[in-house]
Amino acid sequence: MAFSRHSRRALLIGASILPAAMALHGAALAQTTDDSVGEIVVTASRIDRAGFQAPTPTVRVSDADLAVGARPNIAAALNDLPQFRATTSAQTTGTNTGAGNAPLDLRGLGISRTLVLIDGRRFSGENDLNVVPSVLVKGVDVVTGGASAAWGSGAVAGVANIMIDRNFTGGKLGVEGGISSFDDAEQVRVEGAWGTGFADGRGHFVIGGEFLNNEGVVPKNSRPNIGRWATVPNGDGRYKLAPDVGFSNAAYGGLIMSGVLKGKAFNPDGSLRDFDYGTVSGTNSIGGEGPSNDDLSPLVTPQRRYATMASVTYDLTDSVKLTAELRHSRMWNDYIWFGDHNRGNLTIKADNAFLPTAVRTALANAGETQFTMGRFNSDLSYSTIDFERVATQGTIALDGSFGDGWRWSAYYSHGENENNIDTPGFLLTQNYANAVDSVISPTTGQAVCRVALTNPTSNCVPINLFGEGAPSAEAIAYVTGTPSMRETSKIDVGGFSLRGEPFELPAGPVSIAVGAEARKESVDRSVGALDTAKAFTSFSFSAMSGSFTVKEAFAEVLAPVVRDVPVFNKLEINAAARISDYDTTGSIWSWKLGATNEFFPGFRGRITQSRDIRSANLTELFTTSTTGYNTIVDPVTNSSVYVLTNGGGNQALEPETAKTFTAGFVYSPPQLPGFNVSVDYYNIDIDDVITTIGAQDIVTRCAAGNQDMCSRITRDGANTITRIVSTYVNLSNYKTDGVDVEMSYSMDASRVHSSLDGRLRLRTVGTWVNNLTTNDGVSEIDYVRSQGYSFGLGVPEFRVVSSLDYSGPVFGANLRARYISPGNYNNTVDLVNGHIKAYTYVDLGVRAKLPEVGGYNVELYANATNLFDKEPPIGSLYSPYYDVIGRYVTLGARMRF
């Protein structure tokens, strides 16, 4: 394989950085198995032979590794690994209708291309790891290559398999509190688990759960580098990130946008003042008094959640084991969301009942009968979001053996995930229009809606908009309503597999795995009557209903080819194939071919080539309409605008197909016990990519000549973008390639100093990304180094995470460094100040065991992430990589009994 000069140079730079760094807490170098236990799980494969090492690279993360940094969930802990791209940062959660979700995204290829499993089985919750109680998790296997042949659709980027400790015995309790250096984001977390054997050891019962309450960070502008930043024209054809950006076409209390009083804003008492525009740039103002949603909306959404799980295993016979599991979780909260504002589009007539006399007189003197107004409606229609997500799943499984070492497994699982949302405070289009158009009644002398003059039965309540706080409670109730939805998605999945070693070759036994699976997924969403009637001006939910079924069969074989000869000490070939038959798109094949070989003692090479597939999920197929707003840079008008963005599903989507290649080695020199190093190259090439294209990318691709993208953009008479439609589509191509490097060294602490007991562990993991591009058939965009803009696909060129851990009989400590290479805010926009320097975050954790009292073991611990309180890059709202919270300190205690 040929590397370009740039690629070779980057590899050399990476190789020079990695040995100097201290190593990562969390990743094992290769797939490992424990021959001493009866249950063997090799996540990269269906083969479960003891000692088997799969050719697909796999990172193993232990429960102790997951605890480093006291992250709020498993996903946040895994997102510290450079192979992952956080959907949002490790601590922020966004403020959309999916706020608080905790998904995984390998390689930055999208959360739908990372398949997440619990003990090898799919679960309800749509890749949301909040539904899994981490107190029962004994580790996570992360397969960093294509695994569709082994596990099915969705494993294009890889698989994360969460392993549950079903044999836990005794009890454990934990309590933890955390707070940021800004005295916010207060968090309390409580967890507990208990396990015991029964029936003379034939059965085992485990139950555990956790509760978390985080107060969040409100508002966004509580962080100076985050809130009120926007991309605006620089005046020379380029753009800049500017601070203190607000609306230039709206004001608290109202801003007159036309006529003789243009530029005047209403004070709370209805009098006028000159509006301080600052510097106007399109619909934005820099400086001045322009309002912004960032003044009110949260940076980190407050959330409460609990997750519980109970598991029973029982040996029905000496060769058949029953496993039954029930999992239940709930996340909920109610917080301020975003405002339904009038951005210079509100018409006020001169005979309006509430219009101050001075304004009415000025209009009459100028011969004007109306004016337009912009209003920031924080006192009128600033919505809150009341959400609840409930996931419940039950699983029953049988595992057995027969004959000469044959193993079989069968399971069935049913899961349901509820997503219920109410968002009170959005404007009702017709009611608002009626209420705004008010007059003085000629009969009563009171303010009434004009419509009431001709319709005495009207229940219209006139509204006063002139001055902050002017609208009455009765008027607010009349002009606003509550978009709402009730959604239930279901999964039914079952399967059977058979594994064994049917015969031997001269180099060893041949292992096979065969099986079949079937799955049905469905979604049913109902919405409120007002949503159905499209009664709201700017936001509403849409009903959704649909389902798909898939039937699959798979086979895998492991064949030893050569053994115990020079250079080929242990050469094995691993092949797998799967046929997936969808009732929506028909049948599609996936396959894998790989090999491993021990070239000399301790040095093992591995290589794979696979064809991976992904069929569209429920959201991509059946979503009818979504609503959001984004600030967009428009190269046509050289301006930035705040634009309505609509999305939706597409039932005509074709499945994705991906070609995945990996090659690498693992070296554990016998002469240096405890040292391991691995290097793996990956190359993923996806065709017919199912995706939504970001609003900014749609505009950029349109400007580059893609007429299909242009058809998704609506402009008004002034050529200003007013709406962008971003439904799911099959994009032409998606490519990424790079190199993962991992190193670790573990030794007795006494080798450093004779007085030290315990162990020292150094570990590093790093990822270099050579390429991450999308191609829509007209233009190609490279997202490497595009790492500040959260709504794009960007990844840094280098990420390295290193740690040094000491574990003694009483005291322990962990020092971790997280390095992010320099890059740009957004590669798709020509920014004069878009460069981001290299960042290194330092985390520190300490722990101490108290003397045992009454048979109880208690450990106290403290963690500080972002120890030196490093500020994030400017404008990095919801960034996937940068810490926007500041130093975060957690204190806690754990007890075992």
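Before reading further, recall that the structure is shown in the block above.
Residues numbered from 1 in each chain as written. Predicted model: local features only at pLDDT ≥ 70, side-chain atom pairs only at ≥ 80, totals over all residues. Heavy atoms only, no water.

## Observations regarding the overall build of the protein
For the protein, the count of helices and strands is 12 helices and 48 strands. Computed over the C-alpha atoms, the radius of gyration of the protein is 30 Å, within 12% of the 29 Å expected from 2.2 N^0.38 for a compact globule of 897 residues. Dimensions of the protein, computed from the C-alpha atoms along their principal axes, are close to 105 × 60 × 55 Å. Expressed as a percentage of its 897 residues, the buried residues of the protein come to 56%. A separation threshold of at least 6 residues defines the contact pool for the protein, and within that pool the share at least 24 residues apart is 71%. Counting every atom, the protein has about 34,200 Å² of accessible surface; 56% of that belongs to carbon and sulfur. Measuring between centres, the 74 positive side-chain charges of the protein sit 3 Å from its 91 negative side-chain charges. (Helix = DSSP H or I, 4+ residues; strand = E, 2+ residues; numbered from the N terminus. Rg over C-alpha atoms; globule rule 2.2 N^0.38 Å. Buried < 20%, exposed > 50% of the residue type's maximum accessible area, 1.4 Å probe, protein only. Contact = heavy atoms within 4.5 Å. Areas by Shrake-Rupley, 256 points an atom, 1.4 Å probe, with all protein chains shown as cover. Lys, Arg positive; Asp, Glu negative; His and termini not counted. Charge placed at Lys NZ, Arg CZ, Asp CG, Glu CD.)

## Regarding the state of the cysteines
Here the structure, examined in full by the defined rule, presents two disulfides. Across the disulfide, Cys 702 is cross-linked to Cys 710 (sulfur-sulfur distance 2.0 Å). Disulfide Cys 702-Cys 710: torsion about the S-S bond near 100°, hence right-handed. Given a relative accessible area of 15%, Cys 702 falls into the buried group. Within the protein, bonded cysteines paired by disulfides and numbered along the sequence follow the pattern 1-2, 3-4. (Disulfide = S-S within 2.5 Å.)

## Focus: the nonpolar core
The biggest cluster of nonpolar side chains holds 68 residues, and the ones touching the most others in it are Leu 78 and Val 140. Setting aside residues up to four positions removed in sequence, Leu 78 forms contacts with Val 61, Leu 66, Phe 84, Leu 104, Leu 129 and Val 140. Counting residues in hydrophobic clusters, the runner-up holds 25 residues, among them Ile 256, Val 359, Ala 362 and Ala 475. (Core = buried A, V, L, I, M, F, W, Y, C linked by side-chain atoms within 4.5 Å.)

## Some remarks on the packing of aromatic side chains
The full count for this structure, using the stated rule, is 28 aromatic pairs. Seen from their ring centres, Phe 426 and Phe 539 are 5.1 Å apart, and the 25° between their planes marks the pair as stacked. Taken together, the positions of Phe 426 in strand S23 (residues 426-427) and Phe 539 in the loop between helix H9 (529-532) and strand S29 (544-565) put the pair 113 residues apart, joining distant regions of the chain. As far as burial versus exposure is concerned, Phe 426 and Phe 539 are alike and both buried. (Phe/Tyr/Trp six-rings, centres within 6.5 Å; stacked < 30°, edge-to-face > 60°.)

## As for a nonpolar patch on the surface
Residues Leu 173, Trp 194, Ile 207, Tyr 856 and Phe 897 make up a contiguous nonpolar surface patch of about 490 Å² in total accessible area. Within the secondary structure layout, Tyr 856 lies in the loop between strand S46 (839-849) and strand S47 (857-865). (Patch = residues over 30% accessible without salt bridge, like charges linked within 9 Å, V, L, I, M, F, W, Y side chains within 5 Å. Salt bridge = Lys/Arg side-chain N within 4 Å of Asp/Glu carboxyl O.)

## Observations concerning helix H11 (residues 695-703)
Burial within H11 is extensive, with eight of its nine residues counted as buried. Burial in H11 covers these residues: Ala 695, Gln 696, Asp 697, Ile 698, Val 699, Thr 700, Arg 701 and Cys 702. Once H11 finishes, Gly 705 follows within two positions and takes phi at roughly 110°, a positive value.

## Here's the deal with unusual backbone geometry
Looking along the chain, the bond that leaves Val 218 and enters Pro 219 is cis, with omega of -5°. Non-glycine residue Asp 119 carries a positive phi angle of around 50°. Among the secondary structure elements, Asp 119 is positioned in the loop between strand S2 (114-118) and strand S3 (137-143). Overall, Asp 119 belongs to the partly exposed group, its relative accessible area being 22%. At Arg 785, a position not held by glycine, the phi torsion is positive, near 80°. Here Arg 785 shows up in the loop between strand S41 (780-782) and strand S42 (798-807). Residue classification places Arg 785 among the partly exposed residues on the basis of a relative accessible area of 27%.

## Here we look at the sheet that holds strand S10 (residues 245-247)
With antiparallel pairing, the three strands of this open sheet are ordered in space as S10-S16-S15. Looking at which strands have only one partner, the edges of the open sheet turn out to be S10 and strand S15 (279-281). Averaged over neighbouring strand pairs, the angle between their axes works out to 35° when direction is ignored. Sheet analysis places S15 next to strand S16 (residues 284-286), joined by three bridges and oriented antiparallel. Of the residues in S16, the one forming a bridge with Val 280 is Ser 285. (Pairing = 2+ DSSP bridges. Axes fitted to C-alpha atoms, helices over the stretch in contact; angles between N-to-C directions.)

## Some words on the environment of Val 132
On the secondary structure map, Val 132 appears in the loop between S2 and S3. Each C-alpha atom of the pair Val 132 and Ser 329 lies 7.7 Å from the other, and the pair is 197 residues apart in sequence. For Val 132, the residues in contact, after removing those within four places along its chain, are Ile 74, Ile 118, Val 137, Ile 162, Ile 164, Glu 210 and Ala 307.

## Side note on the pattern of salt bridges
Considering all chains together, one arrives at 47 salt bridges under this definition. Between Arg 166 and Asp 119 there is a salt bridge, and its shortest N-O distance comes to 2.8 Å. Taken as a pair, Arg 166 in the loop between strand S4 (158-164) and strand S5 (170-180) and Asp 119 in the loop between S2 and S3 lie far apart in primary sequence, 47 residues in all. Glu 289 serves as the salt-bridge partner of Arg 273, at 2.7 Å between the closest nitrogen and oxygen. Of this pair, Arg 273 sits in strand S14 (residues 272-274) while Glu 289 sits in the loop between S16 and strand S17 (303-315), and the two are 16 residues apart along the sequence. For Arg 273, a relative accessible area of 22% puts it in the partly exposed group. Several salt bridges share partner residues, and in doing so they unite Arg 46, Glu 517, Arg 519, Glu 521, Glu 552 and Arg 578 into one network.

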